[in-house]
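Observations on the three-dimensional arrangement
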Amino acid sequence: MSVQTLSNRHGSAHDLRAASARALAHIPGDDGWPIIGHTLTLLADPKGFVERRAQRYGPVYRTRAFGQINVTLLGPEANELVLLDSQKLFSSALGWDILLGRLFPRGLMLLDFDEHRLHRRALSVAFKSGPMQSYLAQLNAGIAKGLAQWPRGGQFKFYPAIKQLTLDLAATSFLGDELGPELETVKRAFIAMVAASIAVIRVPAPGTRMGRGVRGRAVIVDYFTRQIPLRRERGGEDLFSQLCRAAWDDGSLLSDADIVDHMSFLMMAAHDTLTSSLTSFVYQLAANPNWQENVRQELRGMGLAAGEPIPFARLDDLVLTEMAFKEAMRLAPPVPSLPRTAVRELEFMGFRIPVGTRVAINPLYTHHMAELWPEPERYDPMRFDVEASRARHKFAYVPFGGGAHMCLGLNFAHMQAKCFTWHLLNALEVSIAPGYHPDWSMWPIPYPRDGLEVTLKPA
Ligand code: HEM
């Protein structure tokens, strides 16, 4: 069976997975509790769980969680093997399908190999520097407006506020600023879809998250489909309008269904990841006031007035800001684990991994390996200066993945982080109460359970 055939036939892939479960007895590990396996232990403390298993079983081990047997491969060599995938051994579609397939079908992470390459090439026009400049204009305006409404003095829950701001920013930079009365409906539908993608109950029964997610998808599909002809006629610089004009290699336009699927997927891929990374970044800046000051000095040395928009051409000058943001994502990568399914048999570190095995790599674990990151729990952006970065294994730092499926929005994410920091730290000082350590949940995407209490005051 060819790789392409396997990734397109979910039924047979399922059979293959079941068969491979029996064939995984030689991989170190255990099945955990009857029925639930390791699900609850994993949910309670994903980072500790992986670390304990690595200590007990080594860098290749087997677990049973969420009704699936998985083989985890740890460390930079594993990341390189799976992400670079030079031999086309791993399907991303069959890895992510369980989580994302129902609500975000045919998004880029749910396509493989040649088909994926064609779609990715068609989409990449929306991330070239011309369109990026117009997204930045929207981000500059939206962030300045959003921050002006945040309270000065007193305790302020950062996480819900940045989640809302990121959604508002996506509405303008992704969809354009003329959404009108449908804006709130589209936002609500989208939030329901994102929440459902990580729901424990996967059946779309009424009253469940998945049920609301499926209804949300119907709203989004209807909205995007109606809008496509209008956007094609009217033009526009937002991401949606860019995709409406995107074309295949032969010059023909993407189909309506493709545009709808890619748009929904892009919004999902951007939303929680940006929210999570900006939250851990602001927490680190508040917990490390010396670094907050270093970054502020860099901003003030730019020779621009504080309230001005940050120009696209000056983003690369924010070197320390970028290092400080990267270090926050090292400590709390927004996508802590990346799933795949093996579509060919392979061997890694002496272990045979049969076709159909669900495989996961773990950026969260790699980002805390003491042999790669001395004193791994310490926040130290200097780890990302040019020399230190060059000396490290290329796959030691993988918050955006790597290889063919490397995050398409990486530059967008860095741009939004820099634009946000520019407006935030020029105007405000962020602090936390002495001794305050928010309780982070690392699953499914890192977030502070209490919303992250900070205080903002004029800088
Ligand atoms: C800090 C923010 C972000 C992080 C940490 C992040 C992380 C990731 C990771 C780890 C992957 C690869 C998953 C895999 O290989 O299985 C990925 C893929 C992707 N991301 Fe992001 N992402 C971020 C923001 C964004 C944004 C803002 C967008 C869009 C504007 C975006 C769009 C995508 C897309 C389309 C893919 C699929 C690429 C492909 O399969 O070819 N991401 N992202």
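Residues numbered from 1 in each chain as written. Predicted model: local features only at pLDDT ≥ 70, side-chain atom pairs only at ≥ 80, totals over all residues. Heavy atoms only, no water.

In this section: the overall build of the protein. Of the regular secondary structure elements, the protein holds 18 helices and 12 strands. The C-alpha atoms of the protein give a radius of gyration of 22 Å, which matches the 23 Å a tight globule of 459 residues would have. Considering only C-alpha atoms, the protein reaches an extent of 65 × 55 × 45 Å along its principal axes. Buried residues in the protein amount to 54% of all 459 residues. Excluding contacts between residues fewer than 6 apart, the proportion of contacts in the protein whose partners are at least 24 apart in sequence is 72%. (Helix = DSSP H or I, 4+ residues; strand = E, 2+ residues; numbered from the N terminus. Rg over C-alpha atoms; globule rule 2.2 N^0.38 Å. Buried < 20%, exposed > 50% of the residue type's maximum accessible area, 1.4 Å probe, protein only. Contact = heavy atoms within 4.5 Å.)

With that settled, the discussion passes to a nonpolar patch on the surface. A cluster of nonpolar side chains, contributed by Trp-33, Ile-35, Ile-36 and Leu-40, occupies part of the molecular surface with about 500 Å² of accessible area. Its location among the elements puts Ile-36 in the loop between helix 2 (10-22) and helix 3 (39-44). According to the relative accessible area criterion, Ile-36 is partly exposed, its value standing at 36%. (Patch = residues over 30% accessible without salt bridge, like charges linked within 9 Å, V, L, I, M, F, W, Y side chains within 5 Å. Areas by Shrake-Rupley, 256 points an atom, 1.4 Å probe, with all protein chains shown as cover. Salt bridge = Lys/Arg side-chain N within 4 Å of Asp/Glu carboxyl O.)

Moving on, we come to helix 10 (residues 183-197). The terminal C-alpha atoms of helix 10, which comprises 15 residues, lie 22 Å apart, in line with the 21 Å expected from a rise of 1.5 Å per residue. For helix 10, the set of buried residues is Val-186, Lys-187, Ala-189, Phe-190, Ala-192, Met-193, Val-194, Ala-196 and Ser-197. Packing partners of the buried residues in helix 10 comprise helix 6 (93-100), helix 9 (158-175), helix 11 (209-234) and helix 13 (256-287). (Expected span 1.5 Å × (residues − 1).)

Time to look at the packing of helix 9 against helix 13. Close contact between helix 9 and helix 13 brings their axes to 9 Å; oriented N to C, the two are set at 145°. The crossing of helix 9 and helix 13 is right-handed. In this structure, helix 9 uses Phe-158, Tyr-159, Ile-162, Lys-163, Thr-166, Leu-167, Phe-174 and Leu-175 to contact helix 13, whose residues at the interface are Met-263, Leu-266, Met-267, Ala-270, His-271, Asp-272, Leu-274, Thr-275, Leu-278, Thr-279 and Val-282. (Axes fitted to C-alpha atoms, helices over the stretch in contact; angles between N-to-C directions. Left-handed = near helix turned anticlockwise from the far one by under 90°.)

What follows concerns the packing of aromatic side chains. Where two aromatic rings form a pair, the distance of their centres and the angle of their planes describe that pair. According to the stated counting rule, one finds 15 aromatic pairs in the structure shown. Between Phe-384 and Tyr-397, the ring centres sit 4.7 Å apart and the planes meet at 65°, which makes this aromatic pair edge-to-face. Of this pair, Phe-384 sits in the loop between helix 16 (363-366) and helix 17 (386-391) while Tyr-397 sits in the loop between helix 17 and helix 18 (410-427), placing them 13 residues apart in sequence. The exposure class assigned to Tyr-397 is buried, which follows from its relative accessible area of 17%. Taken together, the ring pairs in this structure connect Trp-150, Phe-156, Phe-158 and Phe-420 into an aromatic cluster. Above the plane of the ring of Phe-384 lies Arg-392, whose end atom (NZ or CZ) is 5.2 Å from the centre. (Phe/Tyr/Trp six-rings, centres within 6.5 Å; stacked < 30°, edge-to-face > 60°. Lys NZ or Arg CZ within 6 Å of the ring centre and 35° of its normal.)

Looking along a regular strand, one sees side chains alternate from face to face of the sheet. With 2 bridges joining them, strand 4 (residues 156-157) and strand 12 (residues 453-458) adopt antiparallel strand pairing. Bridge pairing in strand 12 links Lys-157 to Glu-453. Note: strand 9 (residues 428-431) against strand 12, 4 bridges, orientation antiparallel. Opposite Ser-431, over in strand 12, you have Thr-455 as the bridge partner. (Pairing = 2+ DSSP bridges.)

Now for the sheet that holds strand 12. Here we have 3 strands laid out as an open sheet, ordered 4-12-9, and antiparallel in their pairing. With one partner strand each, in any of the chains shown, strand 4 and strand 9 form the two edges of the open sheet.

Around the ligand, the structure places 30 residues, and the nearest of them are His-116, Arg-120, Arg-340, His-405 and Cys-407. Contact between the ligand and Arg-120: an oxygen atom at 2.7 Å from a side-chain N or O atom of the residue. Mapped by element, the contributors of at least two residues to the shell around the ligand are helix 7 (113-123), helix 13, strand 5 (338-342) and helix 18. In terms of residue count, the dominant contributor to the shell around the ligand is helix 13 (7 residues). Here the residues of the shell around the ligand are counted per class, giving 22 nonpolar, 6 polar and 2 charged. (Near = heavy atom within 4 Å. Polar contact = N/O pair within 3.5 Å; in protein donor to acceptor, adjacent residues only side chain to side chain. Nonpolar A, V, L, I, M, F, W, Y, C, P; charged D, E, K, R; others polar.)

What the rule picks out here adds up to 28 salt bridges. Each member of the salt-bridge network shares a partner with another, and the members are Lys-47, Glu-51 and Glu-377.

Before going further, it helps to spend a moment on the environment of Gly-350. Assignment of secondary structure puts Gly-350 in the loop between strand 6 (346-348) and strand 7 (351-353). Take Gly-350: its relative accessible area is 58%, and that puts it in the exposed class. Taking C-alpha positions, Gly-350 is 23 Å from Leu-372, a pair spaced 22 residues apart along the chain.

Our next topic: the coordination of the iron atom of the ligand. The protein supplies the iron atom of the ligand with one donor atom, Cys-407 (SG), which lies at 2.3 Å. When you line up the elements, Cys-407 lands in the loop between helix 17 and helix 18. (Donors = N, O, S within 2.8 Å, 3.2 Å for Na, K, Ca; no water.)

Okay, the environment of Lys-187 next. Along the chain, the position of Lys-187 falls in helix 10. When the C-alpha atoms of Lys-187 and Gln-164 are compared, they prove to be 10.0 Å apart, with 23 residues separating the residues in sequence. Dropping the residues within four chain positions of it, Lys-187 is found in contact with Gln-164, Leu-167, Asp-168 and Ala-171. Polar side-chain contacts of Lys-187 include one of 2.6 Å to the side chain of Asp-168.

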